[in-house]
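Residue strings, one per chain:
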Amino acid sequence: MDKKKNISMAVIRRLPKYHRYLEELLKSDVDRISSKELSEKIGFTASQIRQDLNCFGDFGQQGYGYNVKDLCREIDNILGLTKTYNTIIVGAGNIGQAIANYINFQKMGFDLKAIFDINPKLIGLKIQDVEVQDVDNIDKYLQNNRIDIGIICVPSKNAQKVCDIIVKNNVNGIWNFAPVDLLIPENVIVENVHLSESLLTLSCLMQEVNKGQEE
Ligand code: NAI
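Not measured: the values here are computed from a predicted model.

### With respect to the state of the cysteines
- One pass over the structure, following the stated rule, counts zero disulfides.
- For the unlinked cysteine Cys 163, the closest cysteine sulfur is that of Cys 153, found at 13 Å.

### A look at the side chain of Asp 52
- Position of Asp 52 among the secondary structure elements: in helix 4 (residues 46–54).
- For Asp 52, a relative accessible area of 2% gives the class buried.
- Looking at Asp 52, its side chain comes within polar contact range of the side chain of Arg 14, at 2.7 Å.
- Of note is the side chain of Asp 52, whose polar atom sits 2.7 Å from the side chain of Tyr 18.
- In contact with Asp 52, other than residues within four places in its own chain, are Val 11, Arg 14 and Tyr 18.

### As for the nonpolar core
- Residues Ile 88, Val 90, Phe 116, Ile 138, Ile 152, Ile 166 and Ile 174 are the most contacted members of the largest nonpolar core, which totals 21 residues.
- Of all the elements in the fold, those that place two or more residues in this core are strand 4 (85–90), strand 5 (110–117), helix 8 (138–144) and helix 9 (156–168).
- Setting aside its immediate chain neighbours within four residues, Ile 166 contacts Val 90, Ile 138, Leu 142, Gly 150, Ile 152, Val 171 and Ile 174.
- Listed in part, the 20 residues of the second largest apolar core include Val 11, Leu 15, Leu 25 and Tyr 66.

### A word on the pattern of salt bridges
- Evaluated as defined, the whole model comprises seven salt bridges.
- One salt bridge connects Glu 191 with Arg 13, and the closest N-O pair in it is separated by 2.8 Å. On the criterion of sequence distance, the pair formed by Glu 191 in strand 10 (residues 189–192) and Arg 13 in helix 2 (residues 9–27) is long-range, its members being 178 residues apart.
- Its relative accessible area of 31% is what places Glu 191 among the partly exposed residues.
- When its relative accessible area of 51% is taken as the criterion, Arg 13 is described as exposed.
- Note that Lys 168 is salt-bridged to Asp 139, the shortest N-O span being 3.1 Å. In this pair, Lys 168 is assigned in helix 9 and Asp 139 in helix 8, connecting sequence segments 29 residues apart.

### Focus on the sheet that holds strand 4
- Pairing is mixed across the open sheet formed by seven strands, whose spatial order is 6-7-5-4-8-9-10. Of all the strands in the sheet, just strand 6 (126–127) and strand 10 have a single pairing partner and so form its edges.
- As paired strands, strand 8 (residues 149–152) and strand 9 (residues 173–176) are joined by four bridges and run parallel to one another. When the bridges of strand 9 are listed, Ile 151 appears paired with Trp 175.

### Focus on the site of the ligand
- Close to the ligand lie 24 residues, the nearest being Ile 95, Asp 117, Val 154, Val 193 and Leu 195.
- Within the backbone of Val 154, one N or O atom sits 2.7 Å away from an oxygen atom of the ligand.
- Contact with the protein chains removes 76% of the 850 Å² of surface that the ligand exposes when unbound.
- A majority-of-atoms criterion places the ligand in the second largest pocket.
- Looking at the shell around the ligand, the elements that each hand over two or more residues are helix 6 (94–101), helix 9 and helix 10 (195–214).
- By residue number, the principal contributor to the shell around the ligand is helix 9, which donates three residues.
- Looking at the shell around the ligand residue by residue, the classes come out as 15 nonpolar, eight polar and one charged.

Definitions and limits used
Residues numbered from 1 in each chain as written. Predicted model: local features only at pLDDT ≥ 70, side-chain atom pairs only at ≥ 80, totals over all residues. Heavy atoms only, no water. Disulfide = S-S within 2.5 Å. Helix = DSSP H or I, 4+ residues; strand = E, 2+ residues; numbered from the N terminus. Buried < 20%, exposed > 50% of the residue type's maximum accessible area, 1.4 Å probe, protein only. Polar contact = N/O pair within 3.5 Å; in protein donor to acceptor, adjacent residues only side chain to side chain. Contact = heavy atoms within 4.5 Å. Core = buried A, V, L, I, M, F, W, Y, C linked by side-chain atoms within 4.5 Å. Salt bridge = Lys/Arg side-chain N within 4 Å of Asp/Glu carboxyl O. Pairing = 2+ DSSP bridges. Near = heavy atom within 4 Å. Areas by Shrake-Rupley, 256 points an atom, 1.4 Å probe, with all protein chains shown as cover. 1 Å grid on protein atoms, 1.4 Å probe; cavity = no way out; pocket = protein on both sides within 12 Å on 5 of 7 lines; lining within 4 Å. Sits in = over half its atoms within 2 Å of the grid points. Nonpolar A, V, L, I, M, F, W, Y, C, P; charged D, E, K, R; others polar.

Rendered as structure tokens:
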């Protein structure tokens, strides 16, 4: 158990990929897999995999490999996927609606409870059976409903204000899509999603490849 406390951010960032591949193996009725086979599928080195998975306990056995079911269960635990999270979306524009419509999040245990917007034209709109409410009601809503995660999809100039209201009402997980660094108390976790940063990384890597080809 103690080992888990020392899991580095780099390992945490790799966990969803392990989760995805192990789920696929489970669906294909694979009982066990060696780090070498897993390495060929995932693309991390076998030693990286052994090192990463060693953080969670002794799952691998020499000559046997990993028990896929046990490992999958443990990674689900570490990822918090054995729980259900109540979520709200603030900002029902392009991004907000796309997230609300992506029902796989619900299947993973992220239960969308409410959506809020400031635009009167959007209030009353139903997205996957959840009605967009006036953001003026958010305070009252959060006082009466336990929400774990607030998903911020408003323009950057309004993101901090929205974040403050959410945090004030004891929501301690923020999934932030606005391109702004939110100021939050220590007990709140923010995960920023910046598609543009990912796009710039792609563009930078392509520059490198192109440079290599020109030389
Ligand atoms: P959008 O303009 O389509 O939607 C924003 C929505 O927020 C609108 O419906 C607006 O009425 C609502 N809104 C504004 N102030 C509000 C408030 N105080 N309370 C509640 N609702 C409020 O914008 P889009 O394209 O959906 O982008 C949303 C945010 O995501 C922006 O900050 C944008 O910069 C960011 N974005 C992030 C990306 C990423 O990779 N994370 C990619 C594209 C956009």
